[in-house]
Number of protein chains: 2
Amino acid sequence: MTDLSRYERQLKEAGLRLTGPRRLILRILTESGDHPDAAEIVQRATARGTRLSLATVYRTMKVLEETGTVERHAFQGGPARFEKADRAHHDHLIDLDTGDVVEFTSPRIEELQRAIAEELGYEIVDHRLELYGRKIRCE
Amino acid sequence: MTDLSRYERQLKEAGLRLTGPRRLILRILTESGDHPDAAEIVQRATARGTRLSLATVYRTMKVLEETGTVERHAFQGGPARFEKADRAHHDHLIDLDTGDVVEFTSPRIEELQRAIAEELGYEIVDHRLELYGRKIRCE
DNA sequence: AATGCAAATGAGACTTATTCTCATTAAGAC
DNA sequence: GTCTTAATGAGAATAAGTCTCATTTGCATT
């Protein structure tokens, strides 16, 4: 869990307290390979035998977003889903049949986005690129 | 209003009734140059002196999405906003300061998306590309 | 180790966006 | 005009997320 202690350092540096619930949430995110939503995080805490309030999850996520520790994704018509932000930037392809999330990156798309925004007189602060698709079946 | 009658034809073809509220909603969308949300559509109906229920707006939008008459956009943390789908496909750049929505298209980005999805074994059903930015000020 | 203060938490009330229910209305076919 | 059934309005219900406030707990200081 060197990962975990790195998060703890990030919290410290932001002048935030290293509380039990925060440790727990960070541990759950670190150990989850997927993109859980707030309710799932509470469930995973419960599964570990620890009580955790939904309000705390949302509050903590807001804080951790600000410190750059987690990322929030609001996919089409569902609750927001979270993942830790320790990896390089990537976009998402959502499998419409299973709900699975596949990650991908495209420097070329990023560059095109930047160029388009600039042409319109804008500087990009944030962006969202989500593909919704179905597996191609090879019959 | 040739536009309007085109919508009416689309409804007819889908076996849907051409009701007062539906005409009204279509007229409002046709006359609106922006991307109103459901509540705004009700307000604009009221401004015309016609009562219109929020439930009807949402129901109608669902129906019109299915007939390909309108598009729904769920931008970051606000209500869904609607626009008529009679123009060519485009993506959106949202001005973080004013909330303005600027439309743009990029065939190259579209093509890159298709290629990426294919490489991952997926076929794209839908996609979302939103840029959030700020105007570049020339001092 | 004990103290004190501000930050963080939990539980539930509240807000906002959207869908559902059901009694009433009104398209449009005959 | 009548009849059938889809569509509507009004408000209840649901879902996601935020807020309030009394209580707890980090942690800096003794």
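Residues numbered from 1 in each chain as written. Chains lettered and ligands numbered in written order. Predicted model: local features only at pLDDT ≥ 70, side-chain atom pairs only at ≥ 80, totals over all residues. Heavy atoms only, no water.

In total, this model carries 14 salt bridges over all chains according to the counting rule given. Among the salt bridges present, the one from arginine 114 of chain A reaches glutamate 111 of chain A, with a minimum N-O distance of 2.9 Å. Of this pair, arginine 114 of chain A and glutamate 111 of chain A both sit in helix H5 (residues 107–119), three residues apart, roughly one helical turn. The partner of arginine 128 of chain A in a salt bridge is glutamate 130 of chain B, and the shortest N-O contact between them spans 3.4 Å. With arginine 128 of chain A in strand E5 (residues 122–135) and glutamate 130 of chain B in strand E5 (residues 122–135), this pair bridges two chains. According to the relative accessible area criterion, arginine 128 of chain A is buried, its value standing at 8%. Judged by relative accessible area, which is 4%, glutamate 130 of chain B ranks as buried. The structure contains a network of salt bridges with shared partners spanning Arg128 and Glu130 of chain A together with Arg128 and Glu130 of chain B. (Salt bridge = Lys/Arg side-chain N within 4 Å of Asp/Glu carboxyl O. Helix = DSSP H or I, 4+ residues; strand = E, 2+ residues; numbered from the N terminus. Buried < 20%, exposed > 50% of the residue type's maximum accessible area, 1.4 Å probe, protein only.)

Before going further, it helps to examine the sheet that holds E5 of chain A. Here we have six strands laid out as an open sheet, ordered E4(A)-E3(A)-E5(A)-E5(B)-E3(B)-E4(B), and mixed in their pairing. Of all the strands in the sheet, the pair left with one neighbour each is strand E4 (101–104) of chain A together with strand E4 (101–104) of chain B. Averaged over neighbouring strand pairs, the angle between their axes works out to 25° when direction is ignored. The pairing of strand E3 (residues 91–95) of chain A with E5 of chain A spans four bridges and is parallel. If you follow aspartate 95 of chain A over to E5 of chain A, its bridge partner there is glycine 133 of chain A. Contacting E3 and E5 of chain A together with strand E3 (91–95), E4 and E5 of chain B, H5 of chain A crosses the sheet at an angle of about 135° to E5 of chain A. In the packing of helix H5 (residues 107–119) of chain B onto the sheet, the strands contacted are E3, E4 and E5 of chain A together with E3 and E5 of chain B, and the crossing angle to E5 of chain B comes to about 135°. (Pairing = 2+ DSSP bridges. Axes fitted to C-alpha atoms, helices over the stretch in contact; angles between N-to-C directions. Contact = heavy atoms within 4.5 Å.)

Among the 19 residues in the neighbourhood of DNA strand C, the closest are listed as Thr19, Thr56 and Arg59 of chain A together with Leu18 and Tyr58 of chain B. Within 4 Å of the protein, atoms of DNA strand C come from sugar and phosphate in 67% of cases. Between DNA strand C and threonine 19 of chain A there is a distance of 2.7 Å, counted from a phosphate oxygen to a side-chain nitrogen or oxygen. Contact between DNA strand C and alanine 80 of chain B: a phosphate oxygen at 3.0 Å from a main-chain N or O atom of the residue. Elements with a contribution of two residues or more to the surface near DNA strand C: helix H2 (20–31) and helix H4 (54–66) of chain A together with helix H4 (54–66) of chain B. Ranked by residue count, the leading element in the surface near DNA strand C is H4 of chain B, at five residues. Considering only residue class, the surface near DNA strand C consists of nine nonpolar, three polar and seven charged. (Near = heavy atom within 4 Å. Polar contact = N/O pair within 3.5 Å; in protein donor to acceptor, adjacent residues only side chain to side chain. Nonpolar A, V, L, I, M, F, W, Y, C, P; charged D, E, K, R; others polar.)

Honestly, that's just the spatial picture; any functional story needs more than this.
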